[in-house]
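Commentary on secondary and tertiary structure
Each chain is listed here by its residues.
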Amino acid sequence: MFGFGKKKTDATTMLENGTWRCGICEAEHGWPFDLACGAPDVWPHEKVHEQNSALRWDGDFLSEDFCVLDGQHFMVRTVLMIPVIGLKDQFGFGCWSSLSRANFEKYIDGFDSGQYADLGPWDGWLMNRFKYFQDEPDPIAVDVQPKLGRLRPELSPMDDAHPLAVAQRDGISPEQMLEIFAHYGHAPETKAN
Ligand SMILES: [Zn+2]
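Okay, so let's go over this structure.

Rules used in this analysis
Residues numbered from 1 in each chain as written. Predicted model: local features only at pLDDT ≥ 70, side-chain atom pairs only at ≥ 80, totals over all residues. Heavy atoms only, no water. Phe/Tyr/Trp six-rings, centres within 6.5 Å; stacked < 30°, edge-to-face > 60°. Helix = DSSP H or I, 4+ residues; strand = E, 2+ residues; numbered from the N terminus. Buried < 20%, exposed > 50% of the residue type's maximum accessible area, 1.4 Å probe, protein only. Axes fitted to C-alpha atoms, helices over the stretch in contact; angles between N-to-C directions. Parallel < 35°, antiparallel > 145°, perpendicular 65-115°, else oblique. Left-handed = near helix turned anticlockwise from the far one by under 90°. Contact = heavy atoms within 4.5 Å. Nonpolar A, V, L, I, M, F, W, Y, C, P; charged D, E, K, R; others polar.

Observations concerning the packing of aromatic side chains
Ring pairs (aromatic) are described by centroid distance and by the angle formed between their planes. One pass over the full model with this rule turns up 18 aromatic pairs. Ring geometry for Phe33 versus Phe181: centroids 5.1 Å apart, planes at 65 degrees, classification edge-to-face. A residue pair is termed long-range when its members are at least 10 positions apart, and Phe33 in the loop between strand 2 (28-30) and strand 3 (35-36) and Phe181 in helix 4 (residues 174-183) qualify at 148 residues. Judged by its relative accessible area of 0%, Phe181 falls in the buried class. Following the ring pairs from residue to residue traces out a cluster consisting of Trp31, Phe33, Phe91, Phe93, Phe130, Tyr132, Phe133, Phe181 and Tyr184.

Structure (structure tokens):
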């Protein structure tokens, strides 16, 4: 230590160094590490993805980006970004949002080109409960911001005071980031001291 600047926390160092061995799934994880939900929580079947191009508008359909339930509920794979204080990369919660049928159609129309006639934001509900920030069982209302250039739409909670909105605005600490990974079963291996 040279005595200037703030001493970095262990969590910051661990994330900056890039990889850690998971104490639970035993894989090697790297930072930035996004948690990804394979389907909306309401999806009643196995999470098997069909091709996007096979999209069906009736019955149930799931691909990596689109989900239709009962031919009347429309959901898309999105991401909710959360800054981590002191780190360049943000954390991405890969989750699903509902859309109205009209906005779902707009999304499908622009999906291949990555260009949308309507730049949003669109109204949606977060369809994966982010338990670390969300005590309530009900979905939270979100703005769905379509992104140009084939990036996934980004979510932000409509209620500025919701803990998830606060986290997105103010960022979370590296220690909280590690707690979230632990919560979802990807905690770093603990060293026996
Ligand atoms: Zn893991």
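A word on the packing of helix 1 (residues 10-17) against helix 4
Contact geometry for helix 1 and helix 4: axes closest at 7 Å, N-to-C directions at 65 degrees. By the criterion of interaxial angle, the relationship of helix 1 to helix 4 is roughly perpendicular. The chirality of how helix 1 crosses helix 4 is left-handed. Along its contact with helix 1, which presents Ala11, Thr12, Met14 and Leu15, the element helix 4 presents Pro174, Glu175, Met177, Leu178 and Phe181. Across the contact of helix 1 with helix 4, the residue classes tally to 7 nonpolar, 1 polar and 1 charged.

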